[in-house]
Amino acid sequence: MVRLDNMQFYAYHGCLEQERRDGNNFSVDVAFDYDMQQAACTDDLSCAVNYAEVYDIVKAQMAIPSNLLENVAWRIREAIIAAFPALTFLSVTVTKYNPPVDGMVESSSVTIDR
């Protein structure tokens, strides 16, 4: 299993006008699995899933405003699967910090697994 944890972004996701205008802090966690035997045996990046490319996919999707975290997580999931169809497992979690609710909440998050 490969993990990219706590990727930090400032983005403009949310249903409220203020969220879309002012933005907020977000983090994204991605975990994925694939047959790593060839990469492990050869130490050859071309046999592995390049997690720098995974990061670039996440960054590009986070730059597209959405009303719902579900939509953001889904788009990230779909883009990663399109780029790396050999993945046997993929989990994407998008977290919004200080969500606009009537009370103290550190964060809200959505996780979508393949």
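Residues numbered from 1 in each chain as written. Predicted model: local features only at pLDDT ≥ 70, side-chain atom pairs only at ≥ 80, totals over all residues. Heavy atoms only, no water.

Draft legend 1. Fine view of the overall build of the protein chain. The helix and strand tally for the protein chain stands at four helices and four strands. Here the C-alpha coordinates of the protein chain stretch approximately 50 × 25 × 20 Å along the principal axes. Burial status across the protein chain gives 40% buried among its 114 residues. Accessible surface computed for the protein chain: about 6700 Å², of which carbon and sulfur atoms make up 50%. (Helix = DSSP H or I, 4+ residues; strand = E, 2+ residues; numbered from the N terminus. Buried < 20%, exposed > 50% of the residue type's maximum accessible area, 1.4 Å probe, protein only. Areas by Shrake-Rupley, 256 points an atom, 1.4 Å probe, with all protein chains shown as cover.)

Draft legend 2. Seen up close, the sheet that holds strand 2 (residues 24-33). One open sheet accounts for four strands, arranged 1-2-3-4; its pairing is antiparallel. The strands lining the two open edges of the sheet, one partner per strand, are strand 1 (2-11) and strand 4 (107-113). The average undirected angle you get between the axes of adjacent strands in this sheet is 15°. Here seven bridges tie strand 3 (residues 89-97) to strand 4, and the two strands are oriented antiparallel to one another. Across the sheet, Thr95 pairs through a bridge with Ser109, a residue of strand 4. Sheet contacts for helix 3 (residues 51-62): strand 1 and strand 2; angle to strand 1, the most-contacted strand, approximately 30°. Together, strand 2, strand 3 and strand 4 form the strand contacts of helix 4 (residues 69-83), whose direction differs from that of strand 3 by roughly 145°. (Pairing = 2+ DSSP bridges. Axes fitted to C-alpha atoms, helices over the stretch in contact; angles between N-to-C directions. Contact = heavy atoms within 4.5 Å.)

Draft legend 3. Inspection of the packing of aromatic side chains at higher detail. Taken as a whole and judged by the stated rule, the model has three aromatic pairs. Ring geometry for Phe9 and Tyr55: centres 5.8 Å apart, planes at 25°, overall stacked. Linking Phe9 in strand 1 with Tyr55 in helix 3, this pair joins segments that are 46 residues apart in sequence. A relative accessible area of 10% means that Phe9 is categorised as buried. What makes Tyr55 partly exposed here is its relative accessible area of 32%. Ring geometry for Phe32 against Tyr34: centres 6.4 Å apart, planes inclined by 25°, an arrangement best described as stacked. Here Phe32 and Tyr34 have matching classes, each one buried. Between the NZ or CZ atom of Arg77 and the centre of the ring of Trp74, over which it lies, the distance is 4.7 Å. (Phe/Tyr/Trp six-rings, centres within 6.5 Å; stacked < 30°, edge-to-face > 60°. Lys NZ or Arg CZ within 6 Å of the ring centre and 35° of its normal.)

Draft legend 4. Just the nonpolar core, in detail. Core analysis: the biggest nonpolar cluster contains 29 residues, and Val28, Val30 and Ile80 have the highest contact counts within it. A total of six residues in this core trace back to one element, the largest contributor, which is helix 4. (Core = buried A, V, L, I, M, F, W, Y, C linked by side-chain atoms within 4.5 Å.)

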